[in-house]
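Structural description and commentary
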Amino acid sequence: EGSQEGASEMASPKPKLTEKSQSSLAVNTPPSKKLKKIATFFKEKERSAKRYKALLGYLEAPDLTPDEEKKFFADNPDAIFNVLMDKFAEEEPQFRKGRGLKELLTMTGLLKRVLIHLSPLVNGRWQMEKIGSFIEKCLNTKNMHSVRAAGFELLLYFVEALQNAIEEHQITLFATAINLQPFVTPESNVVFKYKPSDADLPLYPSTEPPSKKDAVELLDFFLDFISNRSQSFLFWFNLFKDKYLMTFYPKVFQELRLKDKFDETGFKKECPPEIQGCLVVRLAAWGERNNIFTVMWDINANAPVMMEIHRQSCSLPLSYTSTIMGSVQMYRNWLVHPNKNKILGDQLQNYWQVFIRNMALIFLIESTAEQVDSHHMLCKEVINVYNYFAVELSSKLSRETWEVLQYTVLLSTFDLLNKTSPNSSSHSLTTFDLLNKTSPNPHKKGTETFADSLFAALYFYWIRSGINNDEMWKDLSRKVTSLVNWKANLQQWKDKVLQLTYILRDLHYTAVTENFREKDVPASPPFPSTPKEEGAVDAPRIPKSEDKFVNARRRRLSDGSSSVYRDPRLTKINWTLESIKSLWYFMLNILTNITKISDPISYEIAMSCLYEVVEILVIAEEKLPQHVQPPIPIMKIFLPWLIEGCIYDERLMKGMLMAYRTLCLLFARRHTKSTSELTYLLSHFYRIIQMGLNNVKSEVVCEIIENCTQIFCSDLPGVAVLIPDFLREIEVVCGPRTTTSSSVKRHALEICNSLICFPNHFEGLSFPVVESGKPSEAKKDSVIDIKEKVHKILLDVLSNLNEDPENIMTALCGATVLIFEELYHNSPRIPVISQMFNAILDRTDGNEESVAQIAIECLGCLMGIYPKLVNLDKGLIVNVLKSICDKIVNSISDVPTVGTKKENIVANLLYCLRDWLLAENNDLLADKVIVLDIFRALEYGLLGELVEDRIKKREAEDTKNAKEERSGHRKKKSLRDSTSKLPNFDEIFEELKNSPLHGSYTIREAAEIVLLQLLNQYNNFPSPGGAELTSSPFNEYDEEVRVQYFSYNDFVIIGMYELNKNGEKMARLVVRDSTGKYVWDSQPITENKSGKFEKFEDEIPQQVIVKLPPPIVKVSDRPQSTRKPGETPLSTDSARGVDMVSELLFYLSETFPECHPSGDPKTIMHPDPTDSTYKDYIIDRVQQIEGHVKREDQKIDEQRQAVIRSIFPQQSLLTISQSTFQLCRLLLSQMGFLTPMGRKRFHVLDDNQRFLRCLRELDLLPGREIYKIGVVFVGRDQEDQRSILGNDSGSDLYNELLRGMGWMVDLKTHSGFMGGLDRNGSNGKVAPYFATANTEIMYHVSTLMPSSKIDEQQIEKKKHIGNDFVHIVWSEHTRDYRPTTITSHFNYAHIVIYPLSNGLFRIQINRKDKVSFVGPLLDGMVVDKKILCPLVRQTAVHANRRARALTKIQRPFPTRNLMIRETIERYKGRMGILRSLSSLHGTSNLQKDVENVARKIRRINSIT
């Protein structure tokens, strides 16, 4: 069988047949030719050379088949062998001289065929000595390598043929065939058991000594040779193992007792890497063949040898990277594949352990700088294999295997990192490069160093094993504690602690919380279910993220933990409550006392880990039900570390800051659990904070300020003791010369804003000040001192021109609350209020639109305290209005250059001005100075400049032109041409209105609306119908009357019709503009029914009365003008008392001397006196003219009547019934609308059904801004939507809030804005309502709406409250309100009010991240009851406006204005002027008659 396998692999030419097998010759080959070729070979007397040549010729014939060749060798064995030996003996002398190499190789090839085809004879010891001698000569170590290779091949076929008949000589020959001597160095002291005999001369001497490469080639040839011997592989492998593997790996054979323990032969230290690489490549190929794999992994004989091969391959130099990588991957596939490792049986765990230990050797391979990348790749592969064991095979690993894996990685990590130490005996610079080599992180975005991978694996294996052996944890602690200066160690420890904390939270906190929440959505595990251990608990459903809602505290809490990667390998573990808790404690304390870490970076990482762990647990603790105690004592665990960490050490500054941050997180919050332990600990906390605020390093102060923004609104006992310390440092932080970051200033302002109401609330209280090493300070701060400091801090920020915009907005809101606080309490400080007003006003026209918007809104809020301001100082209000007007005028000039941002600011300023002017019961417009400023601002808003200014410009241009004419540079114009171009007010007004100088439609529209609202509503609010009604609820299109509609100036729609009221006829006008709808009834008065009219004594005569001029016009005694001749008189001279009429006459006589009859301009002021007959003369002439005109008129009338009678001989001109618009026509005519000038602005509208539909849609649009605001009461321990919406009542304080937010209205009879509430009582009987001249607010109060006993979800309540943009939440719960409690897509902001035990109220603002800054109340503010309601109402209105801006909902005034203009544009101009006028004279059924008469009138006019 062996010869058949060898025959298929022969490298010689195709085999041929002998002459004796002619019967099997190929058909296409004539027998005579084959006999002729081989005939010489059979001639025994022929020389051996010729016979040898004939033999080769026959065997090399291309048409010789394998069967013929085999038959030929079988029939002529002796002849073939003898001819070959004779030829070899003849050529041997030449070979020894180094000649005839080709011939020698041909002979070895022929002998190879002999061994293949005659293997049965060889097995019977046929020609054994001669064959052995030939092979031995070829294998001489001094021969050329190609000869030795050919001899080695012959030896393999020779042994293959002998097999069990092999003798010791052949075995020795095989054992020495591969020359291993080149691998021996003088210092290695390697001795071989079998040594080659080199006594004989070489057969074909080599010029080079034997090399390693030659030996590896022979070894590779042998391994390839036996790879194809599946049947005889066991024989060959045993032979190879005994003669070579025992030499390569002597130690393992001694351990297996297959070699004497005193035998010192072989490579005692390690197999040469060249041989090792060759073996690994061949083993990989053998592993794919099951029969060979079974032999290799024979558990009793070969498996230990295979593991030794793997061990030594893991120690190869890095120049053999591919070999090492192949070995790791190959053995991993063998040992973890279930179909392959089953051969190892119960020894599999032991071999896994050996495999794990072997791979650890790769970590410690020495490398050069060029080999670091290769070494890193290998080490990463080892980590991947370890991870596979820990994750995929975790359930199959025995306890011992887990320990081997844990300790292997631990010791490898320790040894590898120690190599980087200069004090280490194995110090290596390249190891440091290896540890810092980066690669993509497989679990999250970014890269990681190899040190990160190593420590991550170490901690993961210790966690994943589930072994809670105290001694093992102590071993781990000792090792990793000695490596705390490695950043990767601390970073991976932090990562694992945080992940375990999340798991701990989910099992110990969230699971409890979920049981008390509403079960709207069934909980589902986040990962696929796996078989659980007894007592295991599934990870509960994690609540949906609330990141879409933001407030100051939530934003800070999310900064630290949002980037933590949740490793699914850990979350998939079937944790029990006890296992996760104990393991979390182990990992948290694995570094022992972290405050002893000396490396600054590591110390910072450790402290940041404590902060994030505390943050996670604090948030989880806040979500626990009220009666459930926290499962983890946070204070007890972390406080000792934190207190010690706050001890000042400049070198560890960043870590110390993290300790302060964590301490503030623990205490400076609203505690849901009130315990005596907290009260005891607060004193220590206050002392540490005071020490930190008195620290000489500003970084500590800034850190405390940034993380204590909630400290004064958290209802902590005795927290007022810190007020002086905080204000002192905040005053420095926010000072004008500070370099503090904007973020720190913002947090400082939040603290300052939370203290605004403290001084008045704690009136008479003094605050002690702790002594410090800072400059001397008072022992106590009084209430007045606190007030002054708060005032100064806000003023410093507002006066800083380079301040951050968000800080300015925060300070603006604080200033607004401060003004409210001052005015609502006794003894308001007028200078402080005035300064705050000025500071707010200064920020209303800045370049930052957001800042200006907040400033304007704050200014608008202060309008609500107008009565208090009037009583305090009316001059302050006047100054505010004057400042607003000045800023409007000044800002409009910047609009063309700045653009949209500036025009929005101006428009908001105009609306703010309107709000102040429409304040209730004010008499601001009684002051002429204010009136001029206001209407000057409105004129600028409408036109872009004053008409007066434009007239002056025109006059200046005319003056300039006149001068040019007099100087001859311009042609003189006649008086008619000059006077025709004098400025006309109406023309300039229309010109500027149609094209304002500022070019902004937004500003013009705002000015129009403000002007209309002032005209309509100034001192008209509340209306006779109450505050609910500013527009008339009457709808004329619901009555059966004919209404004629007109438009005036394209922005007002007027409807007119006549009606009988109490037996008297009157005209009704329905006026619609952008502010609303108004209805007027009018009636003419033609007689003195009351007798109260007085009669004038002198009746005005019917004739024309001509008043004669006085005989002499005296020159005025007023001061004379300083005008030079030819200059135009200026209006400014009138202020000095100059007679402007005289000056104008002088100017005309100077400019146009031809106007005076006498030609003397000096006499224009002194006309000639009139004689006594002049009056009689004038009267006579007038009477003559009147008589002549009367006679002419009679003559024309007679001619017209004659023409008419010829056209209409049998009927009158027109017979029309009494007009239905008689009074309407009279009213319009007498008001001047029907004059030629009036008709330019007055247009008739088509009153068809489409037009009426437009009117109905217009009437649905409100005339004021309307808001729906939800109000929710949250009782103690109420967590879910069901319980909150199920409330039917609230506390007394809550009811006071409702009364302060507006006034209660009966929904059945309420005539104002309903906010979607029904009148039938399904939404309650009453509701709070609030209205101003510009605003209507309806509150959807959950406690005033009836609750359903059937519907637990309270859908009827949620239908209204869930659709409100803003919620006002009154919470008496100890925990912060969650914005997602009432689920809705429309809730954009929540204003949450928490009553505190000290009588104040904490404010929490939750808004969606896309909602911009909202004020005046800010998150974290603390206010008192007096100012709570107005500020909450204003903040809700502003939040509503932000939400409407996101949903593209505009103010009602521009919307109404746009719809009116579109309606007018669509329905005007469809009938001529005659038809328009005729509609006021006749009824609608005479339309055709009117048209016919109109045509006839035109004909009469043409004839006349």
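Attention here is on the structure that accompanies the text.

The rules behind these values
Residues numbered from 1 in each chain as written. Predicted model: local features only at pLDDT ≥ 70, side-chain atom pairs only at ≥ 80, totals over all residues. Heavy atoms only, no water. Axes fitted to C-alpha atoms, helices over the stretch in contact; angles between N-to-C directions. Helix = DSSP H or I, 4+ residues; strand = E, 2+ residues; numbered from the N terminus. Left-handed = near helix turned anticlockwise from the far one by under 90°. Contact = heavy atoms within 4.5 Å. Nonpolar A, V, L, I, M, F, W, Y, C, P; charged D, E, K, R; others polar. Pairing = 2+ DSSP bridges. Phe/Tyr/Trp six-rings, centres within 6.5 Å; stacked < 30°, edge-to-face > 60°. Buried < 20%, exposed > 50% of the residue type's maximum accessible area, 1.4 Å probe, protein only. Lys NZ or Arg CZ within 6 Å of the ring centre and 35° of its normal. Expected span 1.5 Å × (residues − 1).

This brings us to the packing of helix α40 (residues 849-862) against helix α57 (residues 1425-1446). Helix-helix packing is characterised by the crossing angle of the two axes and by the distance between the axes. Axis separation between α40 and α57 bottoms out at 11 Å; the angle between their running directions is 140°. Like other packed secondary-structure pairs, α40 and α57 cross with a definite hand, here right-handed. Along the contact surface, α40 presents Q853, I854, E857 and C861, while α57 presents Q1434, H1438 and R1442. Its residues assigned to classes, the contact of α40 with α57 comprises two nonpolar, three polar and two charged.

Relative to strand β9 (residues 1076-1082), strand β8 (residues 1064-1073) runs antiparallel, the two sharing seven bridges. The residue bridging V1070 from the neighbouring strand is V1079, located in β9. Hairpin geometry of β8 and β9 is characterised by an intervening segment of two residues between the two adjacent antiparallel strands.

What follows deals with the packing of aromatic side chains. A full pass over the atoms with the stated rule returns 55 aromatic pairs. When the centroid spacing of 6.3 Å and the interplanar angle of 85° are considered together, the rings of F248 and Y249 count as edge-to-face. The exposure class of Y249 is buried, given its relative accessible area of 1%. Between F712 and F726, the ring centres sit 5.4 Å apart and the planes meet at 80°, which makes this aromatic pair edge-to-face. With F712 in the loop between α33 (698-707) and α34 (723-733) and F726 in helix α34, this residue pair connects regions lying 14 residues apart in the sequence. Following the ring pairs from residue to residue traces out a cluster consisting of Y157, F174, F192, F222, F225, F235, W236, F240, Y244, F248, Y249 and F267. For the cation-ring pair, R1068 lies above F1034, with the distance from its terminal atom to the ring centre recorded as 4.9 Å.

In this section: the sheet that holds strand β6 (residues 1044-1048). Read from one edge of the open sheet, five strands run β9-β8-β7-β6-β10, paired in antiparallel fashion. The outermost strands of the open sheet, each flanked by one partner alone, are β9 and β10 (1242-1245). Across the sheet, the mean angle separating the axes of adjacent strands is 30° when strand polarity is ignored. Examined bridge by bridge, β6 and strand β7 (residues 1052-1061) share five bridges and lie antiparallel to one another. Among the inter-strand pairings, Y1045 is bridged to a residue of β7, identified as G1055.

In terms of burial, β8 is largely enclosed, as eight of its 10 residues are buried. Bridge analysis of β7 against β8 gives nine bridges, and the strand direction is antiparallel. Opposite I1053, over in β8, you have R1072 as the bridge partner. What sits between the antiparallel neighbours β7 and β8 is a turn of two residues, in which N1062 has the positive phi angle 60°.

A few words now on helix α9 (residues 145-162). An α-helical turn contains 3.6 residues, so a residue and the one three or four places further along point in the same direction. Relative to the 26 Å expected for 18 residues at 1.5 Å per residue, α9 spans 25 Å between its end C-alpha atoms, a close match to the ideal helical length. Burial analysis of α9 places 15 of its 18 residues in the buried class, the great majority of the element. Immediately downstream of α9, the backbone of Q163 shows phi near 50°, a positive value.

Below, the discussion takes up the side chain of S477. Tracing the backbone through its elements, the reader meets S477 in helix α24 (residues 470-481). Assessed through its relative accessible area of 13%, S477 is described here as buried.

Below, the discussion takes up the environment of L218. Here L218 shows up in helix α11 (residues 212-227). In this structure the C-alpha to C-alpha distance between L218 and A149, which are 69 residues apart in sequence, comes to 6.6 Å. Once residues within four sequence positions are removed from consideration, L218 is found in contact with H145, R148, A149, F152, A177 and I178.

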